Every structure is written in C-alpha cells, then in structure tokens.
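Now for the letters of each chain:
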Amino acid sequence: MSGPPGRELGREARSATPAPAQGGGLTREQGAAVLLVGLTGGIGSGKSTVSGMLAERGAEVIDADHIAREVVMPCTPAWCKIRDHFGPGVLYPDGSIDRQALADIVFGDPGKLALLNEITHPAIFERIAERLEAAHDRDAIVVLDAALLIETGLAQRVDVLLVAHSPKEVQVERLAAKGMASSQAKARIAAQLTPEERLARADLVIDNTGSLEDLGRQVDDVWRELERRLAEQRGRAG
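The structure displayed is predicted, hence computed values, not measured ones.

Draft legend 1. Representation of the pairing of strand β1 (residues 34–41) within the structure. Where burial is concerned, most of β1 is hidden: eight out of the eight residues are buried. Here six bridges tie β1 to strand β3 (residues 140–145), and the two strands are oriented parallel to one another. The partner of Leu36 across the bridge, within β3, is Val142. With five bridges connecting them, β1 and strand β4 (residues 160–165) associate as parallel partners. Looking across to β4, one finds that Gly38 is bridged to Leu161.

So, in structure tokens, the structure goes:
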C-alpha cells in the first residue's frame, strides 16, 4: 500500500453501519479530555502488535477481544446461552469455551454467527462502557482494540478510526506461521470485511507489511497525531 504511514483517508458516512443495539451502546461522561481511538484490522494484520506499541507510548488500551473472553467464562449468562444454543461440543472438559470449535461452526453460517454476536455483544459493550467510565476523570488517549469494530457499529462511537492493514498474502503467511492451514486462513479472512471496506472507513492507516522498525516509526507518527488531536479536545473543553 503506497503513501505515507498513518495518512488520513476520506471515509464513508458512518451512518452506513448500524449502531449497537439499545442497552449495549457506549456512552462517555463529561469530564477530562479523552480521545477515543478505535483500532481494527483483519486477522493477521498485526493489530495486536500496533495496540501493544500504542500502550508503550502511553495509551490506555481496552482489548475487546480479551473482554470477549471474559464475558463467556463458565457460568456467565453469555456462556449459558452459548452452551444451550451450540451444545456441549463447543466446551472443553473444564467447561471453558472451545473457541476454535465455536469458530468452525459460526464462520461458515451467517445465521449462527449473528446468533453468537447477539449473545455476546451486549455484555461486551457493557464492559467497554465500564472501562471508559473509569477513564473519564483524566486526560487520556484510550485505544479500543476490536477486530469487529466496524461490523458491530462501535466505529460510529470513536473519535478516530485507526486501521492496521496488511495485504491478504501477508495475512495468510502470518497465520500459517502460527500453524493455521492455508485454506482455513483464507476462509477466516474471507469471512471478515474486505481491506477496501476497512480502508474506506479509516481516519488513519498503518501499513504493516514491513519490518518491526518500520512499524514502530509509523506508530510514532500516529501517536504524535493522536496527541495533537487530544490537545485540540483539551482546548475545546477548556
């Protein structure tokens, strides 16, 4: 992908994506200046690496994927619904969710994927809102790291949408290095938004096709831009 790292892109109107369901939306209390950055990217794009680098530079990271694991711990309401709808085959002997078994079921069936999202998303949104509430009393750059940021409508609720991008062939190579079969990697990628759809919505883009050093330089550029935008928010609040 050509062009300078972290460049701004024109994006489509965010009204094209539905907002989170009532009762599961995100709200932020008035207080200190908080810049909410949504970070997303396809599987194998290096999104988690970017998230870690932003945390090293001072961002407070809310990991939606980690929260998604928390809300389906054994005996939670979401866990009970998953067990009832998808059966004991998606559970390990200790009762925890076998995420791979569940993924194998839902990624090939849009209806079952929608059902899983209906079960888990309200609880995830509630946890995210709690984390945001905890951050509103101080100036902060808060990064919401979420693979499905756009698909769930959360992208409409952030101040800046940051996309970590890698070409499909690079994604497949990275997933293969982690032991995933090429056919499975391609199927997982195909089940997600296309790169063009993500990039069309982005405010800032990080191109993660080079070295870690190059990635770090791009993250530095993005961090300076985020600090500038936070300062603008602080000025408006004052």
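Draft legend 2. Up close: the pattern of salt bridges. Per the stated rule, a full pass over the model turns up twelve salt bridges. Linking Arg229 and Glu225 is a salt bridge whose minimum nitrogen-to-oxygen distance equals 2.7 Å. Taken as a pair, Arg229 and Glu225 lie in helix α9 (residues 212–237) at a separation of four residues, close to a single helical turn. A relative accessible area of 18% places Glu225 in the buried class. For the salt bridge of Glu232 with Arg228, the shortest nitrogen-to-oxygen distance reads 2.5 Å. Separated by four residues within a single helix, Glu232 and Arg228 lie in helix α9, roughly one turn from each other.

Scoring rules and cut-offs
- Residues numbered from 1 in each chain as written.
- Predicted model: local features only at pLDDT ≥ 70, side-chain atom pairs only at ≥ 80, totals over all residues.
- Heavy atoms only, no water.
- Buried < 20%, exposed > 50% of the residue type's maximum accessible area, 1.4 Å probe, protein only.
- Helix = DSSP H or I, 4+ residues; strand = E, 2+ residues; numbered from the N terminus.
- Pairing = 2+ DSSP bridges.
- Salt bridge = Lys/Arg side-chain N within 4 Å of Asp/Glu carboxyl O.

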